[in-house]
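Analysis of the macromolecular model
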Amino acid sequence: MNRRGSALIELSLSATLLVTLLAGAVQYGYTFYVYSQLHAAVRNGARYAGQRPFTAASPACVARMQEAIRKRVVYGAPDAPEDAVAVVRGLRPEHIAVEFQADSKGVPAEVTVAVQGFPVDSVFTTYTFQGKPATTMPYLGRYAPTECEP
């Protein structure tokens with residue numbers, strides 16, 4: 001019985017399986033790494049949002065405040081220039097959602113910061129984070145509805 005080449009065939013079959021498993025592990029690890037970075041950035045942004053003064057003299061004031069929070073999440077600083085480097089590659093301020101939940105008197109009670117529609121390109125596929133990671137913090141800042149930064 002001639003068995004020449006059988007080891008090569010066994011190696012090719014097992015190597016295909018092992019390379020597929022390795023690529024899947026790399027994809028999972030990279031996606032989890034990006035998720036971890038996003039979670040830390042969102043948590044820092046929510047902490048910042050929960051401590052800053054709430055100025056809501058007009059919708060423009062609220063929009064400026066939300067934009068500062070988005071920049072804090074994306075760039076690590078609320079006054080970062082538009083050409084700053086994001087904490088996660090490809091993350092932009094429009095991927096961050098900021099919502100204030102008010103009590104019955106209209107005073108903010110909580111703030112929620114979440115990632116919306118951020119795609120992560122991995123080895124085989126693209127994952128889109130929709131609503132996660134998200135963090136809700138109690139609002140502990142100063143309520144100043146009539147003040148507005150120019």
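Structure first, text after, so check above.
As the structure is a computational prediction, the values presented were derived from the model and not from experiment.

1. Observations regarding the packing of aromatic side chains
Taken as a whole and judged by the stated rule, the model has three aromatic pairs. With centroids separated by 6.3 Å and ring planes inclined at 15 degrees, the aromatic side chains of Y28 and F32 adopt a geometry described as stacked. Placement of the pair is Y28 and F32 together in helix α1 (residues 6–51), with a separation of four residues, close to one helical turn. Note on Y35 and F129: the rings are 5.5 Å apart at their centroids and 55 degrees apart in plane angle, and the pair reads as tilted. Of the two residues, Y35 sits in helix α1 while F129 sits in strand β3 (residues 126–138), which places them 94 residues apart along the sequence. Using a relative accessible area of 12% as the deciding quantity, one classes F129 as buried.

2. Considerations on the sheet that holds strand β1 (residues 96–102)
The strand order β1-β2-β3 describes an open sheet built from three strands, whose pairing is antiparallel. Edge strands, defined here as strands with exactly one partner in the open sheet, are β1 and β3. Here the average twist between neighbouring strands, direction ignored, is 15 degrees. Alignment of strand β2 (residues 108–121) against β3, held across 10 bridges, turns out to be antiparallel. Its bridge partner lying in β3, D121 is registered against T126. The sheet contacts of α1 involve β1, β2 and β3, and relative to β3 the element is tilted by about 30 degrees.

3. Some thoughts on a nonpolar patch on the surface
A contiguous nonpolar patch, built from L17, L18 and L21 and spanning about 320 Å² of accessible area, is present on the exposed surface. Relative to the helices and strands, L21 resides in helix α1.

4. Section: the layout of surface pockets
Of the volumes computed, that of the largest pocket is approximately 220 Å³. If you go around the largest pocket, you meet 13 residues; those closest to its centre are Y30, R89, P119, V120 and D121. Looking at the lining of the largest pocket, the elements that each hand over two or more residues are α1 and β2. A class-by-class count of the residues in the lining of the largest pocket yields seven nonpolar, three polar and three charged.

5. So, the nonpolar core
Core analysis: the biggest nonpolar cluster contains 28 residues, and L38, I69, L91, I96, F100, V113 and F118 have the highest contact counts within it. For this core, the secondary structure elements donating two or more residues are α1, α2 (59–75), β1 and β2. Counting residues per element, this core draws most heavily on α1, which supplies seven residues.

Reading the values: the criteria
The written sequence of each chain sets the order in which its residues are numbered from 1. Only residues with pLDDT of at least 70 are given local features in this predicted model, and only at 80 or more are side-chain atom pairs given and counted; all residues enter the totals for whole chains, interfaces and linings. Remark: hydrogens and water are excluded; side-chain values derive from all non-hydrogen atoms of the structure. Here is the rule: rings of Phe, Tyr and Trp (six-membered ring for Trp) pair when centre to centre is within 6.5 Å. Planes less than 30 degrees apart are stacked, more than 60 are edge-to-face, and the remainder are tilted. In this text, helices come from DSSP runs of H or I with a minimum length of four residues, and strands from runs of E with a minimum of two, each type numbered from the N-terminal end. Whether a residue is buried, partly exposed or exposed follows from its accessible area with a 1.4 Å probe, protein chains only, as a fraction of its type maximum: under 20%, in between, or over 50%, in that order. By this definition, two strands are paired if DSSP reports at least two bridges between them. Angles shown run from 0 to 180 degrees and are taken between the N-to-C directions of axes, each axis being a line fitted to C-alpha atoms and, for helices, limited to the stretch in contact. We call two residues in contact when some of their heavy atoms are within 4.5 Å. Patch membership is restricted to residues that have no salt bridge and whose relative accessible area is over 30%. Joining uses 9 Å for like charges and 5 Å for the nonpolar side chains Val, Leu, Ile, Met, Phe, Trp and Tyr. The Shrake-Rupley method, run with a 1.4 Å probe, gives the accessible areas here. Residue values count only the displayed protein chains as cover. For this document, the term salt bridge refers to a Lys or Arg side-chain nitrogen within 4 Å of an Asp or Glu carboxyl oxygen. Buriedness of a pocket was judged along seven lines, with at least five required to meet protein on both sides within 12 Å; pockets are open sets of points on a 1 Å grid over the protein atoms alone, cavities are sets where a 1.4 Å probe fits but cannot get out, and lining residues have an atom within 4 Å of a point. Grid points are joined across faces, edges and corners, and a volume is the space filled by probe spheres set on the points. Three categories are distinguished: nonpolar for Ala, Val, Leu, Ile, Met, Phe, Trp, Tyr, Cys and Pro, charged for Asp, Glu, Lys and Arg, and polar for the others, with Gly belonging to the last. Definition used in this section: a nonpolar core is a set of buried Ala, Val, Leu, Ile, Met, Phe, Trp, Tyr and Cys residues joined via side-chain atoms within 4.5 Å.

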